[in-house]
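# A structural walkthrough
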Amino acid sequence: MNSIKMASTSSVRPIRSAQRILDFLNHFSRDKFATAALVIFSALVLSSVFADLVAPHDPLKQDLLNRLKPPVWVEGGSWTYVLGTDLLGRDILSRCIHGGRMSLGIGAAVIAMGGVFGSLMGLLSGYLGGRFDAILMRYIDFQISIPYFLLALTIMAAIGPGTLNLIIVLSIGSWPLFARYARSIMMSLRNQVFIEAARVAGGKEVAIMTRHVLPNILSPLITLTTLELSRIVLTEASLSYLGMGVRPPTPAWGLMVQEAHDYLMIANWAVTTPGVFIMITTLSINIFATRLRISTDPLQRGKH
Amino acid sequence: MYKLAMHRLGHSALLIFGVVTVVFFTNFLLGDPVRVMLPASTPPEAVEEFRRQMGFDRPILVQYWEFITRAALLDFGDSWWQKSPSLEIALRPFPATLQLGIVAIALASLLGIGIGLFAGARPGSTWDKLATSLSILGVSLPLIWFTLMMALVFSVWLGLLPTAGYGTAGHMVLPVVTLAALPLGRTVQITRASIIDELAKPYITTARSKGLSERTVILRHALRNALPPIVTEIGWESALLLTGYSIIVESVFGWPGFGFSLYHAILTRDMPVIIAMAFVAALVVVLINIIVDIIYVIADPTIRKT
Amino acid sequence: MAEPEISSAGSGSEANGAERPLLSVRDLNVEFTVGESTVHAVNGLSLDLRKGETLAIVGESGSGKSVSMLSVLGLIPQPPGKITNGHVFYDDKDLLSLPSGELRKIRGKEISMIFQDPMTSLNPTMTIGRQITEMLELHLDMKPSQAKERAIELLDLVEIPDPSTRFGQYSIEFSGGMRQRVMIAIALSCNPKILIADEPTTALDVTIQMQIIQVVNELRAEMDMSVIWITHDLGVVAGLADRVIVMYGGRAVEIADSEDLFYRPQHPYSIGLLNSVPSIAEPVSERLIAIEGLPPDLSERRDGCAFYPRCALASDICKNNTPRLEAKGTGGQAACFASPGDVARLTEGSAAQQDNASAQ
Ligand SMILES: Nc1ncnc2c1ncn2[C@@H]1O[C@H](COP(=O)(O)OP(=O)(O)OP(=O)(O)O)[C@@H](O)[C@H]1O
Ligand code: SF4
Ligand SMILES: [Mg+2]
């Protein structure tokens with residue numbers, strides 16, 4: 001055709017990765033919500049890692065003389081037990097900090113197991129293609145279409161509660177998502193236009209990987225991982241609450257809610273506080289993930 | 001279309017079969033039914049005798065075969081503690097759950113789609129930011145905590161609503177609200193995202209260039225095309241709600257529904273009932289998928305022609 | 001309301017300069033905010049559409065053709081887009097400052113648009129018929145039965161066979177050319193005064209293209225419409241347009257009668273464009289003598305002629321001064337500092353070069 005459409009290089013001119021990262025950081029750090037969410041989440045992670053140092057009391061130590069002490073801002077509360085104590089006189093703040101270690105630790109373990117296994121399966125599937133790929137994908141479609149909570153609950157009931165069992169059961173529920181994601185990466189790596197373009201332009205493989213591939217992989221991976229973490233924390237809390245997760249007396253948020261459930265009317269702080277910790281965790285993760293998606297995908301920015 | 005339907009049917013059968021099988025094996029292979037049924041103090045010989053009597057000493061595959069051939073005829077055996085068929089026990093509380101579920105899903109869907117459309121039609125506005133923030137709040141809510149907080153505030157402190165029980169409309173309010181919160185958040189998010197995607201498409205420019213009002217453009221043109229992901233999400237949330245959230249909410253509010261009974265069956269280790277309930281749950285998921293598919297076909301009349 | 005000013009820009013040739021143009025765009029500026037940067041998609045565009053004429057807008061991809069015409073009807077997405085300056089005068093009204101309700105009465109009824117991609121420009125889940133009747137019901141207050149009758153007539157008018165069956169079908173059941181005919185039927189359903197066609201044939205086969213052009217041409221005469229036809233295809237321009245506007249970097253750089261543009265181009269960029277039209281004998285791979293260099297980066301705003309980096313006639317003055325459209329001896333206008341003599345020599349030179357190229 002008599003087309004006078006000339007190569008409009010300006011519109012597809014690859015954005016340099018350095019510029020891109022700067023642009024991202026710039027945009028992200030100016031986003032108050034995102035920064036706040038990230039800071040809060042980091043604080044939670046740090047306090048979990050250093051729980052022994054941060055927690056003012058031994059989370060298991062009972063102080064029967066100081067049972068059901070209210071938090072400091074309520075009449076009768078004291079600075080010794082800032083967030084009050086539970087029925088056995090254990091310090092709620094310390095238990096919540098250690099509970100964070102439990103919840104986030106389980107989350108991390110599940111993501112490590114499910115994430116690594118899933119990613120390997122996904123990469124393999126995308127690489128091998130053919131029969132293996134077809135069967136695996138069918139299986140994943142199948143598993144993803146089952147609401148997993150009921151299954152997790154019945155399996156936990158059958159094999160018995162406990163941290164290790166919990167991690168295994170949650171990992172089984174988690175790996176297909178990572179497999180699906182890793183596979184899609186593998187597939188797109190094979191035929192991605194911009195990589196081809198970079199290769200034609202004479203880019204070295206490693207440079208291509210770091211400059212063009214990584215930024216495109218990282219952001220969805222972080223989003224997937226964080227959202228999955230939030231889901232795992234919620235599921236773990238629910239299972240522990242139902243007595244099919246972490247076993248007492250280990251401090252875990254869901255378990256604390258359950259233990260304090262019965263005396264909700266006389267000591268609501270024992271229920272409220274661990275719940276608030278769960279809420280802060282999931283909220284900071286969800287805000288972070290949502291904002292991350294906006295920062296890395298310029299097309300999304302207009303939408304917010 | 002016919003092929004697609006057959007494919008879906010195959011998938012559904014497989015789903016039900018898979019769920020039932022997994023629950024069977026985790027219960028009978030990983031757990032020991034005899035230990036559950038007999039008191040811990042039973043002498044070992046008596047345990048073995050009982051095992052033989054019940055046929056639990058046979059190879060697991062033989063037991064499975066017996067189980068699955070009966071299950072195919074909807075016979076899941078009798079409950080261990082209540083002497084009536086498991087399936088009956090599994091189905092009996094379901095209407096109570098549906099009562100909550102349907103109201104909660106309807107609430108979440110209508111409100112969620114409405115808010116999502118409103119926010120998605122004016123991205124970046126204050127209203128949009130408000131809706132987005134609330135939806136993030138909604139999907140972050142830990143159900144176990146939220147249910148207790150609602151009970152604390154509205155029943156204990158304000159005394160407006162009954163804490164627990166079944167019967168009046170008042171009893172339904174708190175369970176419905178807590179069940180609806182999460183699906184509502186997700187429906188808002190998915191509706192907003194889907195309508196924003198749709199509004200960026202060329203046919204929308206065409207619709208606007210015709211002089212149609214923005215309202216008409218959204219309701220008459222964009223909504224129908226934006227529907228598939230929304231319906232999928234609502235379907236998925238409904239499945240989660242009926243088979244998952246209900247366990248927690250019904251337990252807290254003492255609502256005698258499916259979730260409550262399932263939890264009871266789990267605590268009492270009533271394996272035949274657990275399996276029958278897993279079967280019912282899988283059936284529910286399948287039915288929801290069918291409803292979703294039907295709505296697809298209604299939303300996109302061109303599917304019928306392919 | 002501001003009175004339309006008849007400035008020298010755009011109202012052009014003396015012959016019918018006295019008659020008031022049907023549509024006047026003045027000093028239109030449109031920006032897009034993409035991330036941290038701002039794309040200046042349209043920079044001070046002015047043009048006039050005269051009654052009954054077909055005006056072609058040509059220019060390479062990204063030169064702002066679509067954005068400027070979408071802005072006329074307020075159809076650019078805001079955000080990210082923003083009309084920062086300008087007027088669009090139609091029927092004593094400035095469309096850019098019209099309340100949205102008033103503007104909607106003009107869209108589709110007075111000024112209609114058809115688009116490049118007939119595959120995606122129709123609603124996939126609404127019957128073709130309904131997409132026509134909703135217009136008729138909205139603007140002409142027709143009853144549903146009346147509208148249906150009229151819609152079938154319209155489908156017939158754009159030469160769609162078996163229109164009453166087609167009325168109830170969906171766009172996936174139509175070929176690309178047929179869909180574009182449907183688009184035309186929709187656009188023309190309310191007898192608009194102006195039809196803006198944004199590359200309506202680019203996505204179609206050659207033979208289909210000719211048919212679509214023919215349909216529009218016939219209906220234009222029949223319905224006494226004026227047409228703005230955006231295109232990449234100078235071949236289309238030759239067969240269709242009375243006048244041509246050449247756009248570069250969001251501005252009009254040359255406005256001329258089509259014959260003048262083909263034989264006496266007054267802007268170095270227009271010359272480049274004309275050279276990039278292949279002769280049919282050439283093999284496909286060699287068909288473009290593309291203009292050297294990149295299109296302008298619209299995210300930075302510089303002084304000087306936007307074409308400066310690519311121009312064979314560039315001189316120092318072009319670097320820091322922005323040329324304005326001014327009348328050239330031929331009757332058209334161009335925005336260029338080079339002397340007519342130099343321009344003419346460039347035209348001859350590159351014509352010779354092209355002859356050489358095709359001779360080999
Ligand atoms: N929605 C948008 N968001 C951001 N930038 C846009 C948008 N629409 C257009 N632009 C920018 O505006 C400029 C002009 O685009 P326009 O579509 O008008 O070009 P065009 O001349 O019609 O090109 P083509 O021949 O490819 O259709 C381009 O640089 C483009 O990148
Ligand atoms: S003004 Fe100068 S640079 Fe611009 S087109 Fe004319 S000669 Fe070339
Ligand atoms: Mg265009």
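Structure: above.
Below or above, wherever it landed, is the structure these notes cover. These figures come from a predicted structure and were not determined experimentally.

## Re the overall build of chain C
Counting its regular elements, chain C contains 13 helices and twelve strands. For chain C, with 360 residues in total, the buried portion stands at 49%. Taking as baseline every contact in chain C between residues at least 6 positions apart, the subset at least 24 positions apart corresponds to 66%.

## Focus on the site of ligand 1
Taken together, 18 residues are adjacent to ligand 1, and Ala41, Ser61, Lys65, Ser66 and Val67 of chain C come closest. More than one chain reaches ligand 1: its neighbouring residues belong to chains A and C. Every element with two or more residues in the shell around ligand 1 is listed here: strand 1 (23–34), strand 2 (37–49) and helix 2 (65–72) of chain C. Broken down by class, the residue content of the shell around ligand 1 amounts to eight nonpolar, nine polar and one charged.

## Here's the deal with the nonpolar core
Ala152 and Leu153 of chain A together with Ile275, Ala276, Met277 and Ala278 of chain B are the most contacted members of the largest nonpolar core, which totals 129 residues. For this core, the element with the highest residue contribution is helix 13 (residues 271–299) of chain B, accounting for 15 residues. The contact partners of Met277 of chain B, leaving out residues within four places of it in the chain, are Ala90, Leu262 and Ala265 of chain B. Counting residues in each nonpolar core, the second largest holds 114 residues, with Val58, Ile184, Leu273 and Leu298 of chain C among its members.

## Concerning the interface of chain B and chain C
Across the contact, 20 residues belong to chain B and 24 residues belong to chain C. Elements supplying a minimum of two residues to the side of chain B that touches chain C: helix 10 (202–209) and helix 11 (214–253) of chain B. For the side of chain B that touches chain C, the leading source of residues is helix 10 of chain B, giving seven residues. A class-by-class count of the residues in the side of chain B that touches chain C yields six nonpolar, nine polar and five charged.

## Examining the interface of chain B and chain A
Of the residues lining the interface, 38 residues belong to chain B; the matching set on chain A comes to 36 residues. Secondary-structure elements contributing two or more residues to the side of chain B that touches chain A are helix 1 (2–30), helix 7 (126–140), helix 8 (143–157), helix 11, helix 12 (258–267) and helix 13 of chain B. The leading source of residues in the side of chain B that touches chain A is helix 1 of chain B, at nine residues. Residues that form the side of chain B that touches chain A fall into these classes: 30 nonpolar, eight polar and no charged.

## Digging into helix 9 (residues 169–199) of chain B
At Ala181 of chain B, helix 9 of chain B is deflected by roughly 35°, the largest bend along its length, and proline Pro183 of chain B occurs up to four residues later in sequence. Of all the 31 residues making up helix 9 of chain B, 23 are buried; the element is thus mostly covered by neighbouring parts of the structure.

## As for helix 10 of chain B
Of all eight residues that make up helix 10 of chain B, seven are buried, and the element is covered over most of its length. Those residues of helix 10 of chain B not exposed but buried are Tyr203, Ile204, Thr205, Thr206, Ala207, Arg208 and Ser209 of chain B. Looking at the buried side of helix 10 of chain B, the elements it contacts are helix 9 and helix 11 of chain B together with strand 6 (111–114) of chain C. Where helix 10 of chain B terminates, the next one or two residues include Gly211 of chain B, which has phi positive at roughly 95°.

## Examining the packing of helix 4 (residues 128–139) of chain C against helix 5 (residues 144–157) of chain C
Residue and element names in this part refer to chain C. Contact pair helix 4 / helix 5: the axes reach a minimum separation of 9 Å and the direction vectors enclose 120°. On the basis of the axis angle, helix 4 is oblique to helix 5. Crossing hand, helix 4 versus helix 5: right-handed. On the side of helix 4, the interface is formed by Gly129, Ile132, Thr133, Leu136 and Glu137, while helix 5 contributes Pro144, Ala147, Lys148, Arg150, Ala151 and Leu154. Split by residue class, the contact of helix 4 with helix 5 holds six nonpolar, two polar and three charged.

## Examining the pairing of strand 7 (residues 194–198) of chain C
All names here are of chain C. Of all five residues that make up strand 7, five are buried, and the element is covered over most of its length. Side-chain alternation along strand 7 places Ile194, Ile196 and Asp198 on one buried face and Leu195 and Ala197 on a second face that is also buried. Direction of pairing for strand 7 relative to strand 8 (residues 226–231): parallel, over a ladder of five bridges. Bridging from a neighbouring strand, Leu195 pairs with Val227 of strand 8. This β-α-β element, strand 7 to helix 8 (residues 206–223) to strand 8, shows right-handed connectivity.

What counts and how
- Residues numbered from 1 in each chain as written.
- Chains lettered and ligands numbered in written order.
- Predicted model: local features only at pLDDT ≥ 70, side-chain atom pairs only at ≥ 80, totals over all residues.
- Helix = DSSP H or I, 4+ residues; strand = E, 2+ residues; numbered from the N terminus.
- Buried ≥ 20, exposed ≤ 12 C-beta atoms within 10 Å, placed from the backbone.
- Contact = placed C-beta atoms within 7 Å.
- Near = placed C-beta within 6 Å.
- Nonpolar A, V, L, I, M, F, W, Y, C, P; charged D, E, K, R; others polar.
- Core = buried A, V, L, I, M, F, W, Y, C linked by C-beta atoms within 7 Å.
- Bend = angle between axes of the 7 residues up to and from the residue.
- Axes fitted to C-alpha atoms, helices over the stretch in contact; angles between N-to-C directions.
- Parallel < 35°, antiparallel > 145°, perpendicular 65-115°, else oblique.
- Left-handed = near helix turned anticlockwise from the far one by under 90°.
- Pairing = 2+ DSSP bridges.
- Right-handed = clockwise from strand over helix to strand, strands pointing away.

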